[in-house]
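Residues per chain are reported as follows:
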Amino acid sequence: MKSFVLSGGSIKGAFQAGALVNILTTGKFIPDAIYGTSVGSLNGSFIADRVGRAIRAGTNPDWVEIGNELKSFWLQNITSFKKLGKKRSVLSQAFALIRNRFYSLLKMDYLYELLAKEIKLENLIAAHEKKLKFYACSVDINSGRIVYASAPQHNNILDYIIASTAIPVVMPLRYLGEHAYTDGGIREVAPLKRAIKDGATDIVAILCSPEDFTTADDNWYKPTNLMERFMAIVTHEICSNDIQNCLEINELLRQVRHVSTISSLANKKHINVVPIYPASPVKIDLEDFTTKDIEIAIQQGWDTVVTVRESADTL
């Protein structure tokens, strides 16, 4: 089974979109499943929606066109922060704190309206049942449990996608009944383990932060940027360790002839994982970006895949 594993990364998801456009354009790697966290849920659900649209129209998905639509979605809709949300006023924040009812630094109503317009339950169901399974990773704040929501099992899948994109403190929690849900990245920034558990044998993991995380990033002076930086620092090592562990097991399996004689490898199988990282930090600010910044990030994603393709036959 071929799978995309799409990490979180807030507005840096434009890089991820550019990488996806490049991969879909070649037609060599067509996914059977997509697992997304945070902005990875946004990108993944968009692709699944377009696949479902084609199926419901009685046609085969045009993967090149779907990639182009994803690119257009970013360039036409994600053009500035004011198209996504707005800051809460200092007065409203102070009043909320007095009442012990802190909500978030930002309101993201415009983003949620955009997602409701672009992502339809019936399309996700059609895609899941016929061609492409999609899972949005979020976390139940009450229990700490990871939830991988899919359209057939969750009629309120859009709520889980919105929850998955909600950076803690920065964006509002999403309430489903009495439970509050937030960004799946606090538990699993890239749902690699879930993809493998479900039977993925070929995985393209697209991450929004460089593999070398020691690269300086001094753009954290604002509260929203600082929280994004905290999230990136906390989750990056977990994600990198998951990928490295998988690659090391692959190497051991290649070296050992009789796997059954080694208990630690008895239930392991070779997983072809192609990680795609930006070579340098994606320079884009959630509260202060332009269409040009989005264009640059998309091109950075496209160019990175070109480089990775030189050593990855699956792409």
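A brief structural summary. None of these values were measured; they are calculated from a predicted model. (Residues numbered from 1 in each chain as written. Predicted model: local features only at pLDDT ≥ 70, side-chain atom pairs only at ≥ 80, totals over all residues. Heavy atoms only, no water.)

### Describing the overall build of the protein chain
Then step 1. From N to C terminus, the protein chain includes 10 helices and 10 strands.
Then step 2. Residues counted as buried form 52% of the 315 residues belonging to the protein chain. (Helix = DSSP H or I, 4+ residues; strand = E, 2+ residues; numbered from the N terminus. Buried < 20%, exposed > 50% of the residue type's maximum accessible area, 1.4 Å probe, protein only.)

### What about the pattern of salt bridges?
Then step 1. With the rule as written, the count across this model stands at eight salt bridges.
Then step 2. A salt bridge links Arg50 to Glu69; its shortest N-O distance comes to 2.9 Å. On the criterion of sequence distance, the pair formed by Arg50 in helix 2 (residues 39-56) and Glu69 in helix 3 (residues 63-77) is long-range, its members being 19 residues apart.
Then step 3. Owing to a relative accessible area of 27%, Glu69 belongs among the partly exposed residues under this scheme.
Then step 4. Three or more residues joined by partner-sharing salt bridges are found here, namely Asp49, Arg50, Arg53, Glu69 and Glu118. (Salt bridge = Lys/Arg side-chain N within 4 Å of Asp/Glu carboxyl O.)

### Notes on the nonpolar core
Then step 1. Grouped together as the largest cluster of nonpolar side chains are 68 residues, with contacts concentrated most on Ile47, Trp74, Ile276 and Leu315.
Then step 2. The leading source of residues in this core is helix 1 (residues 13-26), at seven residues.
Then step 3. Sequence-distant contacts of Ile276, that is, excluding residues within four places in its chain, are made with Phe15, Ile23, Val204, Ala205, Ile206, Leu207, Thr304, Val305, Val308 and Leu315.
Then step 4. If you look at the next biggest cluster of nonpolar residues, it comprises 21 residues, including Leu192, Ala195, Ala205 and Cys246. (Core = buried A, V, L, I, M, F, W, Y, C linked by side-chain atoms within 4.5 Å. Contact = heavy atoms within 4.5 Å.)

### Re the side chain of Lys12
Then step 1. Locating Lys12 in the fold gives a position in the loop between strand 1 (2-6) and helix 1.
Then step 2. Using a relative accessible area of 17% as the deciding quantity, one classes Lys12 as buried.
Then step 3. Here Lys12 is in contact with Cys208, Glu228, Val282 and Ile284, once residues within four sequence places are set aside.

### Observations regarding unusual backbone geometry
Then step 1. One non-glycine residue, Ser10, lies in the positive phi region at around 55°.
Then step 2. Position of Ser10 among the secondary structure elements: in the loop between strand 1 and helix 1.
Then step 3. One non-glycine residue, Ser38, adopts positive backbone phi at about 55°.
Then step 4. Along the chain, Ser38 turns up in the loop between strand 2 (33-37) and helix 2.
Then step 5. The class of Ser38 is buried, set by a relative accessible area of 2%.

### Quick notes on the packing of aromatic side chains
Then step 1. For the structure shown, the criterion picks out four aromatic pairs.
Then step 2. When the centroid spacing of 5.0 Å and the interplanar angle of 40° are considered together, the rings of Phe46 and Phe73 count as tilted. Of the two residues, Phe46 sits in helix 2 while Phe73 sits in helix 3, which places them 27 residues apart along the sequence.
Then step 3. A relative accessible area of 4% places Phe73 in the buried class.
Then step 4. Where Tyr160 meets Tyr181, the ring centres are 5.4 Å apart and the plane angle is 75°; that geometry is what we call edge-to-face. (Phe/Tyr/Trp six-rings, centres within 6.5 Å; stacked < 30°, edge-to-face > 60°.)

### Describing the pairing of strand 1
Note on strand geometry: in a regular strand, side chains alternate between the two faces of the sheet.
Then step 1. With respect to burial, strand 1 is a largely interior element, four of its five residues being buried.
Then step 2. Of the pairings in the sheet, the one linking strand 1 to strand 9 (residues 202-206) comprises five bridges and is parallel in character. Of the residues in strand 9, the one forming a bridge with Val5 is Ala205.
Then step 3. Alignment of strand 1 against strand 2, held across four bridges, turns out to be parallel. Bridged to Phe4 within strand 2 is Ile34.
Then step 4. Crossover connection from strand 1 via helix 1 to parallel strand 2: handedness right-handed. (Pairing = 2+ DSSP bridges. Right-handed = clockwise from strand over helix to strand, strands pointing away.)

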